[in-house]
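A look at the structure
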Amino acid sequence: MRWFVPITIAIAVAVSGAGTAAAEHREDGKAHHHRRPSTHVMAAPSHQAMYMQLLAEKYAPETAAAWKQTMAERVALMDELQELKKAGKWKREDAKAKMERMAEEKGEAMKEHMALVEQFTQAVQKEDAKAIKAVLPKLLASEQKLNETLRQWVESARQAKSS
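Source: prediction; values computed, not measured.

**A short note on the overall build of the chain**
Helix and strand counts for the chain come out as six helices and two strands. Scanning the chain from its N terminus toward the C terminus, one meets helices and strands in the order α-β-β-α-α-α-α-α. Residues classed as buried in the chain amount to 37% of the 163 residues present. Counting only contacts in the chain whose residues sit at least 6 apart along the sequence, the fraction spanning at least 24 positions is 66%. Here the chain has roughly 9600 Å² of accessible surface; of this, 53% comes from carbon and sulfur atoms.

**Some words on helix α2 (residues 45-59)**
With 15 residues, α2 extends 21 Å between its outermost C-alpha atoms, agreeing within 8% with the 21 Å of an ideal straight helix rising 1.5 Å per residue. The set of residues buried in α2 consists of Pro45, Gln48, Ala49, Met52, Gln53, Leu55, Ala56 and Tyr59. Angularly, the buried residues of α2 cover 165 degrees about the axis, an arc narrow enough to put them on a single face.

**Remarks on the pattern of salt bridges**
Tallying each qualifying case throughout the model produces seven salt bridges. Salt-bridge contacts for Arg151 lead to Glu148; the nearest nitrogen and oxygen are separated by 2.1 Å. Taken together, the residues span about one helical turn, with Arg151 and Glu148 both in helix α6 (residues 129-162) at a distance of three residues. The class for Arg151 is partly exposed, based on a relative accessible area of 31%. Residue Glu148 is classed as partly exposed on the basis of its relative accessible area, which comes to 34%. A salt bridge links Arg158 to Glu155; its shortest N-O distance comes to 2.9 Å. Placement of the pair is Arg158 and Glu155 together in helix α6, with a separation of three residues, close to one helical turn. Accessibility expressed as a relative area gives 35% for Glu155, which makes it partly exposed. One salt-bridge network, in which partners are shared between bridges, spans Glu73, Glu148 and Arg151.

**Brief notes about unusual backbone geometry**
Residue Glu127 is not a glycine yet carries a positive backbone phi of 55 degrees. Within the secondary structure, Glu127 sits in the loop between α5 (107-126) and α6. Judged by its relative accessible area of 66%, Glu127 falls in the exposed class.

**Observations concerning the environment of Lys138**
Along the chain, the position of Lys138 falls in helix α6. Under the relative-accessibility criterion, Lys138 is labelled partly exposed at 48%. As for Lys138 and Phe120, which are separated by 18 residues in sequence, their C-alpha atoms are 9.7 Å apart.

**Comments concerning the nonpolar core**
Within the largest apolar cluster, 20 residues are counted, with the highest numbers of intra-cluster contacts made by Met52, Trp67, Phe120, Ile132, Leu136 and Leu139. Those elements giving two or more residues to this core turn out to be α2, α3 (64-86), α5 and α6. Those residues in contact with Ile132 that lie beyond four places of it in its chain are Tyr59, Ala123 and Val124. Met78, Leu81, Trp153 and Val154 belong to the second-largest nonpolar core, a separate cluster that totals nine residues.

**Topic: the packing of α2 against α3**
Running from N to C, α2 and α3 point in directions that differ by 175 degrees, and their axes come no closer than 9 Å. Judged by the inter-axis angle, α2 sits roughly antiparallel to α3. Facing α2, whose interface residues are Pro45, Ser46, Gln48, Ala49, Met52, Gln53, Ala56 and Glu57, α3 presents Ala64, Trp67, Lys68, Met71, Val75 and Met78. Residue composition of the contact of α2 with α3, grouped by class: nine nonpolar, three polar and two charged.

The rules behind these values
Residues numbered from 1 in each chain as written. Predicted model: local features only at pLDDT ≥ 70, side-chain atom pairs only at ≥ 80, totals over all residues. Heavy atoms only, no water. Helix = DSSP H or I, 4+ residues; strand = E, 2+ residues; numbered from the N terminus. Buried < 20%, exposed > 50% of the residue type's maximum accessible area, 1.4 Å probe, protein only. Contact = heavy atoms within 4.5 Å. Areas by Shrake-Rupley, 256 points an atom, 1.4 Å probe, with all protein chains shown as cover. Expected span 1.5 Å × (residues − 1). Arc of directions from axis to C-beta. Salt bridge = Lys/Arg side-chain N within 4 Å of Asp/Glu carboxyl O. Core = buried A, V, L, I, M, F, W, Y, C linked by side-chain atoms within 4.5 Å. Axes fitted to C-alpha atoms, helices over the stretch in contact; angles between N-to-C directions. Parallel < 35°, antiparallel > 145°, perpendicular 65-115°, else oblique. Nonpolar A, V, L, I, M, F, W, Y, C, P; charged D, E, K, R; others polar.

The following block contains the structure:
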């Protein structure tokens, strides 16, 4: 579902360069990534779920079960939205408008989420196990809130479908 990749995963994957960047090595030996729009393997919700599950198992095993449940729910919600989209009851424009409204209504919460995403991204980039372990539980709570929003969108689309 290219139109709605969960924020945390999309940013983490984009920053880590998994399938979306062509690397050029500079004289100092560090890679410089050029971003190009493309469909990549991590765009699939099931791949994102596995990525977070593996990180949780490695860095914060006490959160692994909750991550597994949260991401399984995310995959199911995304699949359901895809089915509603195929049935003509969910449109890309609807998602865009809802996301814009959510950003306006939950501005502070979105800022907090994005700050967590940034912390997570920095930790992953640096391969800082302590920082990854510290941010994963906070990110989990934020992802659970996003699932609640998706659940509401699915329910709204279902009601529109039955009307």
